[in-house]
Amino acid sequence: MATPQSAPAVYLRPFRPEDEPALIDIYMAAYREHPEYGEPTPQQARRYLQWLMRHHTLFTVAEVDGQPVGFIVVDATWLDRSRRRVGEIHELAVHPAYWGKGIARRLLEAGLAHIRTRGLTCAGLWVGEHNERAQAFYRRLGFRPTQKGWGEWLRMVKRV
Ligand SMILES: CC(C)(COP(=O)(O)OP(=O)(O)OC[C@H]1O[C@@H](n2cnc3c(N)ncnc32)[C@H](O)[C@@H]1OP(=O)(O)O)[C@@H](O)C(=O)NCCC(=O)NCCS
């Protein structure tokens, strides 16, 4: 049976160094509607990705038809601002051409499973205070905002 167009076959796999150019494109496209929360240039996005490569315990790429379309980066060794260990979602981005197809949900569920496997009970992230799309997505997935803002960033957490 043919796969409906709204539900492409999505394959999750670990990050590979050769993904870097594709992930920069995804990242720049994903933050186009909120450039204030992303990196301003592909060169700075590359530096940010290189930071992510050094600070993660899970870096998973979602592929459709053999091409990367999204990714998640999680660090299960992170200490939050109260010095508590937390499963930190450092980044989650899906190319806008693939929004609304359940791809971020798949990535986030993989991230949360990883955090649970590491014995943690809390996942957390920072999201732009006006990034309503991402906030609605995280709320749908069970995250709740906390009172602990940080400048233009809102802290959201979920018990896992
Ligand atoms: C936020 C983002 C990751 C969501 O990706 P996505 O692949 O479109 O999300 P999904 O299709 O997996 O949506 C999963 C669920 O969230 C819900 N959701 C997604 N966007 C929503 C929105 N704007 N409003 C309400 N619900 C929303 C979906 O309805 C879906 O619920 P369901 O599975 O119960 O039907 C994507 O828009 C993105 O890359 N944004 C730019 C980068 C960014 O802001 N990242 C977060 C940084 S903290």
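Here's a quick rundown of the structure. (Residues numbered from 1 in each chain as written. Predicted model: local features only at pLDDT ≥ 70, side-chain atom pairs only at ≥ 80, totals over all residues. Heavy atoms only, no water.)

## With respect to unusual backbone geometry
Okay, step 1: Phi at aspartate 65 is positive, roughly 50°, even though this residue is not glycine.
Okay, step 2: On the secondary structure map, aspartate 65 appears in the loop between strand S2 (58–64) and strand S3 (67–79).
Okay, step 3: By relative accessible area, which is 73% here, aspartate 65 ends up exposed.
Okay, step 4: With phi around 65°, arginine 83 is a residue other than glycine that occupies positive phi space.
Okay, step 5: Tracing the sequence through the fold places arginine 83 in the loop between S3 and strand S4 (85–94).
Okay, step 6: The exposure class of arginine 83 is exposed, given its relative accessible area of 64%. (Helix = DSSP H or I, 4+ residues; strand = E, 2+ residues; numbered from the N terminus. Buried < 20%, exposed > 50% of the residue type's maximum accessible area, 1.4 Å probe, protein only.)

## Concerning the sheet that holds strand S7 (residues 153–159)
Okay, step 1: Ordered by their spatial adjacency, 7 strands build an open sheet running S1-S2-S3-S4-S5-S7-S6, and the pairing between neighbours is mixed. The open sheet is flanked by strand S1 (10–14) and strand S6 (144–145), the only strands paired with a single partner.
Okay, step 2: Pairing analysis gives 8 bridges linking S3 to S4, with the strands arranged antiparallel. Its bridge partner lying in S4, aspartate 75 is registered against glutamate 88.
Okay, step 3: Seen against the sheet, helix H1 (residues 20–30) touches S2, S3 and S4 and runs at an angle of roughly 85° to S3.
Okay, step 4: In the packing of helix H2 (residues 42–54) onto the sheet, the strands contacted are S2, S3 and S4, and the crossing angle to S4 comes to about 145°. (Pairing = 2+ DSSP bridges. Contact = heavy atoms within 4.5 Å. Axes fitted to C-alpha atoms, helices over the stretch in contact; angles between N-to-C directions.)

## As for the nonpolar core
Okay, step 1: Counting 28 residues, the largest nonpolar core has Ile72, Ile89, Leu92, Ile103, Leu108, Tyr138 and Phe143 as the members making the most contacts within it.
Okay, step 2: Breaking this core down by element, the ones donating at least two residues are S2, S3, S4, helix H3 (103–117), strand S5 (122–128), helix H4 (132–140) and S7.
Okay, step 3: The element best represented in this core is H3, accounting for 6 residues.
Okay, step 4: Look past the residues within four positions of leucine 108 in its chain and what remains in contact with it is Ile72, Ile89, Leu92, Phe137, Tyr138, Leu141 and Phe143.
Okay, step 5: Phe15, Tyr27, Leu49 and Val73 belong to the second-largest nonpolar core, a separate cluster that totals 17 residues. (Core = buried A, V, L, I, M, F, W, Y, C linked by side-chain atoms within 4.5 Å.)

## Quick word on the packing of H3 against H4
Okay, step 1: With their axes 11 Å apart at the nearest point, H3 and H4 run at an angle of 55° to one another. Taken as axis vectors, H3 and H4 run oblique relative to one another. Here the hand of the crossing between H3 and H4 comes out right-handed. Across the interface between the two elements, Ala104, Arg105 and Leu108 of H3 pack against Phe137, Tyr138 and Arg140 of H4.
Okay, step 2: Taken together, the residues of the contact of H3 with H4 break down into 4 nonpolar, no polar and 2 charged. (Parallel < 35°, antiparallel > 145°, perpendicular 65-115°, else oblique. Left-handed = near helix turned anticlockwise from the far one by under 90°. Nonpolar A, V, L, I, M, F, W, Y, C, P; charged D, E, K, R; others polar.)

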